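Here is how the chains run, residue by residue.
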Amino acid sequence: MGCFTSDTKPKAAGIHGHSMRGEVQEAVNFVLNQGVEEGLISRVELHLACTKLKNMDVGSLTDSACVVHLKTHKSKEYMKVGQTEVITDNLNPVFVRYIEVDYTFEERQDMRISVYDVDDFDPKASVEQNFIGAVEFRMDQLLMAPDKTLTLPIQGPCNPPENLGNVVIKGNEKKTGSRTMYRMQFRARGFTQPAIFYRLNKQLTSGQFVAIYESETSKRVDTDLHDFKVVEIYSSELVNDNENQPAMIEVFSWSNKGNHKSIAKATFTITQALERVPIRFTPTQVIEIPMSDKKDQYSFLSYILNGLQLALTIAIDFTLSNGVPEDPKSLHYFDPNVNQYLKAITAVGRILENYDSDKMFPVLGFGCRVPMVLDKTSHCFALNGNIFNPEVPGIDGVIECTFAHTVGYKNALRIVKLNGPTFFAHFLNYMVDMVEYETVTCK
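Residues numbered from 1 in each chain as written. Predicted model: local features only at pLDDT ≥ 70, side-chain atom pairs only at ≥ 80, totals over all residues. Heavy atoms only, no water.

## Some points on the sheet that holds strand S2 (residues 64-72)
Right, so step 1: Taken in spatial order, the four strands line up as S3-S2-S5-S6 in an open sheet, and their pairing is antiparallel. Either end of the sheet is taken by a strand with one partner, and the two such strands are strand S3 (79-83) and strand S6 (130-138). Each strand of the sheet is rotated relative to its neighbour by a mean of 25 degrees, with strand direction disregarded.
Right, so step 2: Pairing of S2 with S3, which is carried by four bridges, proceeds in the antiparallel orientation. The residue of S3 that forms the bridge with Val67 is Gln83. (Pairing = 2+ DSSP bridges. Helix = DSSP H or I, 4+ residues; strand = E, 2+ residues; numbered from the N terminus. Axes fitted to C-alpha atoms, helices over the stretch in contact; angles between N-to-C directions.)

## Some points on unusual backbone geometry
Right, so step 1: Notably, Asp89 is not glycine yet its phi reads approximately 50 degrees, a positive angle.
Right, so step 2: Looking at the element boundaries, Asp89 is found in the loop between S3 and strand S4 (99-104).
Right, so step 3: Of note in the backbone geometry, Arg276 takes a positive phi value of approximately 60 degrees without being a glycine.
Right, so step 4: Structurally, Arg276 can be placed in the loop between helix H5 (270-274) and strand S17 (279-280).

## As for the side chain of Gln245
Right, so step 1: Structurally, the position occupied by Gln245 is in the loop between helix H4 (235-238) and strand S15 (247-253).
Right, so step 2: Reaching out from Gln245, the side chain makes a polar contact with the backbone oxygen of Gln203 at a distance of 3.3 Å.
Right, so step 3: The contacts of Gln245, once residues within four sequence positions are left out, are Gln203, Leu238, Val239, Asn240, Phe268 and Thr269. (Polar contact = N/O pair within 3.5 Å; in protein donor to acceptor, adjacent residues only side chain to side chain. Contact = heavy atoms within 4.5 Å.)

## Let's talk about the pairing of strand S9 (residues 180-189)
Right, so step 1: Both S9 and strand S18 (residues 286-296) contribute to a ladder of nine bridges, which runs antiparallel. Bridge pairing in S18 links Ala188 to Ile287.
Right, so step 2: As paired strands, S9 and strand S14 (residues 231-234) are joined by four bridges and run antiparallel to one another. Paired with Arg183 across the bridge in S14 is Glu232.
Right, so step 3: In this structure, S9 lies alongside strand S13 (residues 225-227), joined through three bridges in antiparallel fashion. Opposite Arg187, over in S13, you have Asp227 as the bridge partner.

## A look at the packing of aromatic side chains
Right, so step 1: Applying the stated criterion across every chain yields a total of 12 aromatic pairs.
Right, so step 2: Measuring from centroid to centroid gives 5.2 Å for Phe186 and Tyr198, while their planes differ by 80 degrees, and the two rings are edge-to-face. With Phe186 in strand S9 and Tyr198 in strand S10 (residues 195-203), this pair connects stretches of sequence that are 12 residues apart. Exposure class is identical for Phe186 and Tyr198. Each is buried.
Right, so step 3: Relative to Phe381, the ring of Phe318 lies with its centre 5.9 Å away and its plane at 35 degrees, an arrangement referred to as tilted. One end of the pair, Phe318, is in the loop between strand S19 (314-317) and helix H7 (340-352); the other, Phe381, is in strand S23 (residues 381-382), and 63 residues separate them in sequence. Here the two residues Phe318 and Phe381 agree in accessibility, since each one is buried.
Right, so step 4: Every member of this aromatic cluster is reached through a ring pair, and the members are Phe186, Tyr198, Tyr213, Phe228 and Phe268.
Right, so step 5: The lysine or arginine in question, Arg199, covers the ring of Phe252, its NZ or CZ lying 4.5 Å from the ring centre. (Phe/Tyr/Trp six-rings, centres within 6.5 Å; stacked < 30°, edge-to-face > 60°. Buried < 20%, exposed > 50% of the residue type's maximum accessible area, 1.4 Å probe, protein only. Lys NZ or Arg CZ within 6 Å of the ring centre and 35° of its normal.)

## A few points about helix H10 (residues 425-436)
Right, so step 1: Taking 1.5 Å of rise per residue, 12 residues should cover 16 Å, and H10 covers 16 Å from first to last C-alpha, within 8% of that figure.
Right, so step 2: Residues of H10 that are buried include every one of Phe427, Tyr430, Met431, Val432 and Asp433, and no others.
Right, so step 3: Buried residues belonging to H10 abut S19 and strand S20 (360-366). (Expected span 1.5 Å × (residues − 1).)

## Description of the pattern of salt bridges
Right, so step 1: The final tally for this structure, using the stated rule, is 15 salt bridges.
Right, so step 2: Asp140 is the salt-bridge partner of Arg138, the closest N and O atoms lying 3.3 Å from each other.
Right, so step 3: Taking relative accessible area as the criterion, Asp140 reaches 8% and is therefore assigned buried.
Right, so step 4: In this structure, the salt-bridge partner of Glu288 is Arg187, at a minimum N-O distance of 3.7 Å. Of the two residues, Glu288 is situated in strand S18 and Arg187 in strand S9; the sequence distance between them amounts to 101 residues.
Right, so step 5: On the accessibility criterion, Arg187 (24% relative accessible area) is partly exposed.
Right, so step 6: In the salt-bridge network here, residues are joined through shared partners; they are Arg187, Arg189, Asp227 and Glu288. (Salt bridge = Lys/Arg side-chain N within 4 Å of Asp/Glu carboxyl O.)

If you want it as structure tokens, here you go:
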């Protein structure tokens, strides 16, 4: 069964100098720099259709429409987010009007689609007339489904249930503008002013220019040379996703009194900038572009839709600072209704488990004394007793599982002795070691 604890030093170099740190840090920085709202919230289109609807009309076929409701942890109840058009005399309607929903990765989002038979076609009348039935699903289920498509049987109010047909839901990320980012470095030559800066200006549909970026102030390096830091800017912000649309660069002489003076301006295109064509103001004054490139920035949902799988690992703090499980004030208190660790594992785990293909989760513990090694604190042990394969099936297995003698969190509380101190390095290095030897595939 393997040993219950491990003091073996990982084979990998640990966190220091780890070969994956650069890529991981870049991904983390991308999300943090965008902010959570921009990084983890995306607009999703729900394209709806019905198949084999029950005929609700006499002398004609069903005239149907769908109404979409969303329930989140915050709303507590279903809220209407949109409805389709009415399609007449059709038992297999394909709706043209799609519904837009904000997909939030870190929230559970329950969806309900209700199907109605419509008799009153007055534009002012609600389509919620003759209820046929409804389907329910979660957004994460849709986005992780093959081809981002769910086909669900309509559940009606009758008991026993009758065959009412199906609702087909297709998910698609709504593109709100190009995610292409340009990176450019400008160098001013021929400007004898002691300190200058520049502004990048975007052209409006009216033909006017508005400033969208201001550089740092550069003090003269040589007799007439000013270097500036690399600027990163989205295509949609600067040129409305048109690389041949003019943009303007305007150079200012800096003044400590704030009355900066415009001393040169000229237009250029991104196409020219990517080819590093100098921007000339006069025969002697020029902006050189020693570095320029572009790259696509993807939303978090784009990664999910293209097959990203998340691998959840749980490490539980069994240090005595949490309080003994018998104490009602302890974070490990035996009562499941108030146990903070159970609440955290459930709240986070229920969201993340749907993005894991096999739903097998490594579960580690630290900061306590474990059976057979009661004379010292273990800073990294497997709750299932197998440090070489610490996985348990599903979030239910994390909490209380008897699969292959797995003890689960609840039972572990009864057999370990809370201790200390709190050391994170052991299990972090253990996880880095696991990731180091994980097989990675790209679609």
